[in-house]
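What follows is the residue order along each chain.
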Amino acid sequence: MALAHLLSEDRHPPDALWKEPLTSSRLLEYEIWTRIHARGLAASHADEVRALLARIALVELTPPVLARALDPFPRPVRTLDALHLASMEFLRAQGQPVELASYDDRLLGVARALKIPVREA
């Protein structure tokens, strides 16, 4: 959703989402910059990327998060999705409310199987 927002794609989250407190795995930073650089948009989008990332609390990939990503999930997952899901489960274990906002149906399906609430956008 962050890339859809940054790149003004046809399908993008409502502006209100970006005014809420947001948290993501540190992976988000790498995923965004990798795509921005791959499209040659660093010069035109760098400030907007930095501003967006500054509004998001990033969960570090600590040993407990990484350890959870090694365990099985209810459905097959891709590596980066496992790390994002492990970050969400880490936050829930700390008593923090978690809700997933994504356009990735596969990721949403696994989140639902883990009883992680999802935001439909």
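Reading the values: rules and limits
Residues numbered from 1 in each chain as written. Predicted model: local features only at pLDDT ≥ 70, side-chain atom pairs only at ≥ 80, totals over all residues. Heavy atoms only, no water. Axes fitted to C-alpha atoms, helices over the stretch in contact; angles between N-to-C directions. Helix = DSSP H or I, 4+ residues; strand = E, 2+ residues; numbered from the N terminus. Contact = heavy atoms within 4.5 Å. Nonpolar A, V, L, I, M, F, W, Y, C, P; charged D, E, K, R; others polar. Core = buried A, V, L, I, M, F, W, Y, C linked by side-chain atoms within 4.5 Å. Buried < 20%, exposed > 50% of the residue type's maximum accessible area, 1.4 Å probe, protein only. pLDDT = per-residue confidence, 0-100. Parallel < 35°, antiparallel > 145°, perpendicular 65-115°, else oblique. Left-handed = near helix turned anticlockwise from the far one by under 90°. Salt bridge = Lys/Arg side-chain N within 4 Å of Asp/Glu carboxyl O.

Structural notes on the packing of helix 2 (residues 27-38) against helix 5 (residues 79-93)
No. 1: Two elements in contact, helix 2 and helix 5, have axes whose closest approach is 10 Å; the angle formed by their N-to-C orientations is 145 degrees. Residues Leu27, Leu28 and Glu31 of helix 2 form the contact with helix 5, whose own contacting residues are Leu80, Leu83 and His84.
No. 2: Tallied by class, residues from the contact of helix 2 with helix 5 come to 4 nonpolar, 1 polar and 1 charged.

Things to note about the side chain of Ser25
No. 1: Residue placement: Ser25 occurs in strand 1 (residues 22-25).
No. 2: Excluding residues that lie within four positions of it along the chain, Ser25 makes contacts with Leu58, Val59, Leu61, His84 and Ser87.

Brief notes about the nonpolar core
No. 1: The biggest cluster of nonpolar side chains holds 20 residues, and the ones touching the most others in it are Phe73, Leu85, Met88, Leu100, Ala111, Leu114 and Ile116.
No. 2: Among the secondary structure elements, those contributing two or more residues to this core are helix 4 (63-70), helix 5 and helix 6 (105-113).
No. 3: At 6 residues, the largest contribution of residues to this core is made by helix 5.
No. 4: The residues touching Met88, leaving out its near neighbours within four places in the chain, are Val98, Leu100 and Ile116.
No. 5: Leu28, Trp33, Leu52 and Tyr103 belong to the second-largest nonpolar core, a separate cluster that totals 18 residues.

A closer look at the confidence of the model for the protein chain
In regions of low pLDDT, the predicted coordinates are not meant to be interpreted in detail.
No. 1: Scored by pLDDT, the protein chain has a mean of 93; 99% of the residues are at 70 or more.
No. 2: Here helix 1 (residues 2-6) stands out as the least confident element of the protein chain, with mean pLDDT 85; helix 4 is the most confident, with 97.

Structural notes on the packing of helix 2 against helix 3 (residues 42-54)
No. 1: It is at 10 Å that the axes of helix 2 and helix 3 come closest, and there the two elements cross at 165 degrees. In terms of orientation, helix 2 and helix 3 fall into the roughly antiparallel class. Remark: the crossing between helix 2 and helix 3 carries right-handed chirality. Within the contact between the two elements, helix 2 uses Leu28, Glu29, Ile32, Trp33, Ile36 and His37 and helix 3 uses Ala42, His45, Ala46, Val49, Arg50, Leu52 and Leu53.
No. 2: Across the contact of helix 2 with helix 3, the residue classes tally to 9 nonpolar, 2 polar and 2 charged.

Brief notes about the pattern of salt bridges
No. 1: Counted according to the given criterion, the structure contains 9 salt bridges.
No. 2: Notably, a salt bridge pairs Glu29 with Arg26, separated by 2.8 Å at the nearest N-O pair.

Quick notes on the environment of Ile36
No. 1: Mapping Ile36 onto the fold places it in helix 2.
No. 2: Expressed as a C-alpha distance, the spacing of Ile36 and Leu3, which sit 33 residues apart in the sequence, is 8.5 Å.
No. 3: Here Ile36 is in contact with Leu3, Leu7, Leu41, Ala42, His45 and Val49, once residues within four sequence places are set aside.

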